[in-house]
Amino acid sequence: RIARARSRLHATAGNASEARASEEEVSVARFFLACTAACWATYPVTVKGLAMLANGPLDPAVVTVIRYSFMAVFSAPLILQSGDTGKADASDSDVGGRLVASATGIAAVGTAGTLLNTWGIEHTSAIRAALVLSSINVFTPILSVLFGASPGDRNIPVRTWVACGVSFVATAYATLGSSTGLRGGLQDGDVSVLAAAVCYAGVKVLVAGAARDFAPEALAGGRLVASAVFAWCVFIISFFIGGLGDVQATLQSIPVEAWGLLVFSAFTPGLLATFLQAKGQSIVPPAQAQTIYALVPFFAAVYDLIF
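Residues numbered from 1 in each chain as written. Predicted model: local features only at pLDDT ≥ 70, side-chain atom pairs only at ≥ 80, totals over all residues. Heavy atoms only, no water.

**Student:** Mind showing me how you'd approach helix H2 (residues 23-40) here?
**Tutor:** In this model H2 runs 26 Å from its N-terminal to its C-terminal C-alpha over 18 residues, within 8% of the 26 Å that 1.5 Å per residue would give. Packed against the buried residues of H2 are helix H3 (42-53), helix H13 (256-281), helix H14 (286-293) and helix H15 (296-306). (Helix = DSSP H or I, 4+ residues; strand = E, 2+ residues; numbered from the N terminus. Expected span 1.5 Å × (residues − 1). Contact = heavy atoms within 4.5 Å.)

Okay, here's the thing in structure tokens:
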């Protein structure tokens, strides 16, 4: 009963936060989400730059653990300056424990999505993977209806459903072009990428609830530290089961300029994007946020033209 009461309290706090948000605050939150999409879109360009500087693609497991280690280090100032970690229920004496549980849960779902997406891309074509992953535009509102933290998250306007559907169709059309699409049915890799899309959609729904309960600095920092721990766990397990290549050779093949790109990728699509996402989704419900996140391909195309 106590848990249910606390859950209702958090949901009520989330609703009140949405109700109190002025037009200007909503606009600022949407701007933060657009900036989040712009930050995320820098990652593909960074990966391309890393491959060029290293004269070939780097081991993704090594790159991932390096990036998340940098993110954990960068997030330390955020955690230290966050002060009071909670904001929805200041009387909750266990706010620190709830923050750890929430950040760890979000990081676990996000890590699962990354692993599924990586494996799926390796077992299907890039076009099929991009097409299947675009289903996140549909999964996000569905999961928001089922598991949204507040009535505002669960009650999705028709225009938002339409916008998410249009985003999915537009991405699918741009991805397919004159290709064969998903002819031959879903393959194992496609199913894995589809599961990754569900995980990524779940992260957006979880972040919306947590962003109303905790300060964005604390949530972003805790989430990145937990993600770094999971990245190291995956790295160590892969090392002992022989799933990694020559780690020492990979590290030696990374030139000084590439280390700069790794730091950039840890800060911009990593730390900065995670912080801005927490700020924006504290006001904007996940389904509406997804319509803004659909700008990632647009920003990626712009960066590709420039760089």
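Read on, since the account is not over.
**Student:** Would you mind showing me how to read the pattern of salt bridges here?
**Tutor:** Close approach of charged atoms allows side chains of opposite charge to pair. Counted according to the given criterion, the structure contains 3 salt bridges. The closest approach of N and O atoms between Asp304 and Lys48, which form a salt bridge, is 2.4 Å. Here Lys48 lies in helix H3 and Asp304 lies in helix H15, a separation of 256 residues in the sequence. By relative accessible area, which is 41% here, Asp304 ends up partly exposed. Of the charged contacts in the structure, one is a salt bridge between Arg212 and Asp153, with a shortest N-O distance of 2.6 Å. Residue Arg212 is located in helix H10 (residues 188-213), and its partner Asp153 is located in helix H8 (residues 151-154); the two are separated by 59 residues in the primary sequence. (Salt bridge = Lys/Arg side-chain N within 4 Å of Asp/Glu carboxyl O. Buried < 20%, exposed > 50% of the residue type's maximum accessible area, 1.4 Å probe, protein only.)

**Student:** How should the packing of aromatic side chains be read in this particular structure?
**Tutor:** Pairs of aromatic rings are described using the distance from one ring centre to the other and the angle between the two planes. Using the criterion set out here, one finds 9 aromatic pairs in the structure. Aromatic side chains Phe70 and Phe74 sit 6.1 Å apart centroid to centroid with 15° between the ring planes, which places their arrangement in the stacked category. Within this pair, Phe70 and its partner Phe74 are both found in helix H4 (residues 60-81), separated by 4 residues, close to a single helical turn. The class for Phe70 is partly exposed, based on a relative accessible area of 23%. We classify Phe74 as partly exposed; its relative accessible area is 25%. An aromatic cluster is built from Phe70, Phe74, Trp259 and Phe267, whose rings are joined through pairwise contacts. Lying across the ring of Tyr68, Arg67 places its NZ or CZ 6.0 Å from the centre. (Phe/Tyr/Trp six-rings, centres within 6.5 Å; stacked < 30°, edge-to-face > 60°. Lys NZ or Arg CZ within 6 Å of the ring centre and 35° of its normal.)

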